[in-house]
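# Geometric and topological summary
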Amino acid sequence: MGRTLKELRETMEPEELVLWMARDRESPIGMERDDFHAAQVAAAIGGGRIADLMPRWGTAGDDDADAALDRLMGG
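Residues numbered from 1 in each chain as written. Predicted model: local features only at pLDDT ≥ 70, side-chain atom pairs only at ≥ 80, totals over all residues. Heavy atoms only, no water.

Now for the overall build of the protein. Scanning the protein for helices and strands turns up five helices and zero strands. Traced from its N-terminal end to its C-terminal end, the protein shows the element sequence α-α-α-α-α. Burial status across the protein gives 8% buried among its 75 residues. Taken as a whole, the protein presents about 6500 Å² of accessible surface, with 58% of it coming from carbon and sulfur. (Helix = DSSP H or I, 4+ residues; strand = E, 2+ residues; numbered from the N terminus. Buried < 20%, exposed > 50% of the residue type's maximum accessible area, 1.4 Å probe, protein only. Areas by Shrake-Rupley, 256 points an atom, 1.4 Å probe, with all protein chains shown as cover.)

Side-chain pairs of opposite charge can arise whenever the charged atoms involved come near each other. Counted by the stated rule, this structure contains two salt bridges. Here Lys6 and Glu10 are joined by a salt bridge, their closest N and O atoms 3.9 Å apart. Residue Lys6 and its partner Glu10 are located together in helix H1 (residues 5-11), separated by four residues, close to a single helical turn. Pair check on accessibility: Lys6 and Glu10 agree, each one exposed. (Salt bridge = Lys/Arg side-chain N within 4 Å of Asp/Glu carboxyl O.)

As a further point, take helix H3 (residues 31-46). Its 16 residues place the ends of H3 22 Å apart at the C-alpha level, agreeing with the 22 Å of an ideal helix rising 1.5 Å per residue. Two residues or fewer after H3 comes Gly47, characterised by a positive phi angle close to 80 degrees. (Expected span 1.5 Å × (residues − 1).)

Next up on the list: a nonpolar patch on the surface. A contiguous nonpolar patch, built from Leu17, Trp20, Met21 and Ile29 and spanning about 390 Å² of accessible area, is present on the exposed surface. With respect to the helices and strands, the residue Trp20 is situated in helix H2 (residues 14-26). Among the residues examined, Trp20 registers a relative accessible area of 33% and is labelled partly exposed. (Patch = residues over 30% accessible without salt bridge, like charges linked within 9 Å, V, L, I, M, F, W, Y side chains within 5 Å.)

Here we take up the confidence of the model for the protein. Scored by pLDDT, the protein has a mean of 82; 79% of the residues are at 70 or more. Confidence, expressed as mean pLDDT per element, reaches its minimum in the protein at helix H5 (residues 65-72) with 67 and its maximum at helix H4 (residues 50-53) with 93. (pLDDT = per-residue confidence, 0-100.)

If you want it as structure tokens, here you go:
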């Protein structure tokens, strides 16, 4: 957006922030979108559903980060 977070906080109206949040839900910006694209490629190459291939970072019950990574890698 070409501005610092401080500048955005000072100049963006709450209504505009709500619009950006809604747009992000429809078309995510950032790492979540990257995860989605990686899951798309994995589904196209190896089959499966995109939703099943999406990482679930920080979900309850993921006490072991290595176990989460093993599941992501199909192990």
